[in-house]
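Tertiary structure, described
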Amino acid sequence: MLIFLLAALESEEDRREFAVIYEQHHARLENAAMRILKNQTDAEDAVQNAFMQVIRHFEKISEISCKDLPFWLISIVKNEALIILRKKKKVVLLEDWDAVESGVSSITEYEELVELFARLPDTYRAVLEMKYLLGYSYKEISIRLGISETAVNTRASRGRALLRKYMEQEGVCP
């Protein structure tokens, strides 16, 4: 797949830069897509589509900080996964979200959850994205954010609690 994607880029410098991004982030993007799609083939399609989006907007890569690039890529792959789900009209079940995942059972509910997630304060959302979407440990998150592991754990706990509250208020979960 990488050779096909590299062929879409014009300069050798862009190809080298893209290859580095691909190698660094491919596995995490595939994991994020798998959490949504629950199907390896569909997850690979979502990742390929996400990288095609990256190529289409490759000139923006230099404007994105190294710290923010993984979040940008995860957002793209999540959107691509949701497009695949809509096309297949599958049921979505979330993993690893403590008590949250038990109530989310349809695409519509998943989309509502994504909207509620976006309403979280940045401090909570960043920790939850790094933990559940990127698969970082609390120690890795603390290093990346420059805060203690205790603070990371507290933010994750408060973020999940606030997300549950939003879900109850909006009636997303029973």
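Reading the values: the criteria
Residues numbered from 1 in each chain as written. Predicted model: local features only at pLDDT ≥ 70, side-chain atom pairs only at ≥ 80, totals over all residues. Heavy atoms only, no water. Helix = DSSP H or I, 4+ residues; strand = E, 2+ residues; numbered from the N terminus. Contact = heavy atoms within 4.5 Å. 1 Å grid on protein atoms, 1.4 Å probe; cavity = no way out; pocket = protein on both sides within 12 Å on 5 of 7 lines; lining within 4 Å. Points joined across faces, edges and corners; volume = space filled by probe spheres on them. Nonpolar A, V, L, I, M, F, W, Y, C, P; charged D, E, K, R; others polar. Core = buried A, V, L, I, M, F, W, Y, C linked by side-chain atoms within 4.5 Å. Buried < 20%, exposed > 50% of the residue type's maximum accessible area, 1.4 Å probe, protein only.

Turning our attention to the environment of Ile61. Structurally, Ile61 is set in the loop between helix H3 (40–56) and helix H4 (69–88). For the pair Ile61 and Trp72, spaced 11 residues apart in sequence, the C-alpha separation works out to 9.7 Å. Sequence-distant contacts of Ile61, defined by excluding residues within four places in its chain, comprise Glu17, Ile21, Val54, Leu69 and Trp72.

This next bit is on the layout of surface pockets. By volume, the largest pocket amounts to about 260 Å³. Considering the residues around the largest pocket, the lining is formed by 15 residues, among which Lys67, Asp68, Phe71, Ala126 and Glu129 are closest to the centre. Of all the secondary structure elements, the ones that give two or more residues to the lining of the largest pocket are H4, helix H6 (122–133) and helix H7 (138–145). Here the lining of the largest pocket takes 5 residues from H6, the largest share from any one element. Taken together, the residues of the lining of the largest pocket break down into 8 nonpolar, 1 polar and 6 charged. If you add up the space inside the second largest pocket, you get close to 200 Å³. Looking at the second largest pocket, it is lined by 13 residues, and the ones nearest its centre are Gln24, His25, Cys66, Leu69 and Pro70.

What follows is about the nonpolar core. Leu37 and Val77 are the most contacted members of the largest nonpolar core, which totals 45 residues. Those elements that place two or more of their residues in this core are helix H2 (12–37), H3, H4, helix H5 (107–119), H6 and helix H8 (149–170). In terms of residue count, the dominant contributor to this core is H4 (9 residues). Sequence-distant contacts of Val77, that is, excluding residues within four places in its chain, are made with Leu29, Ala32, Ala33, Ala46, Val47 and Ala50.

Any functional reading would require information beyond the geometric quantities listed.
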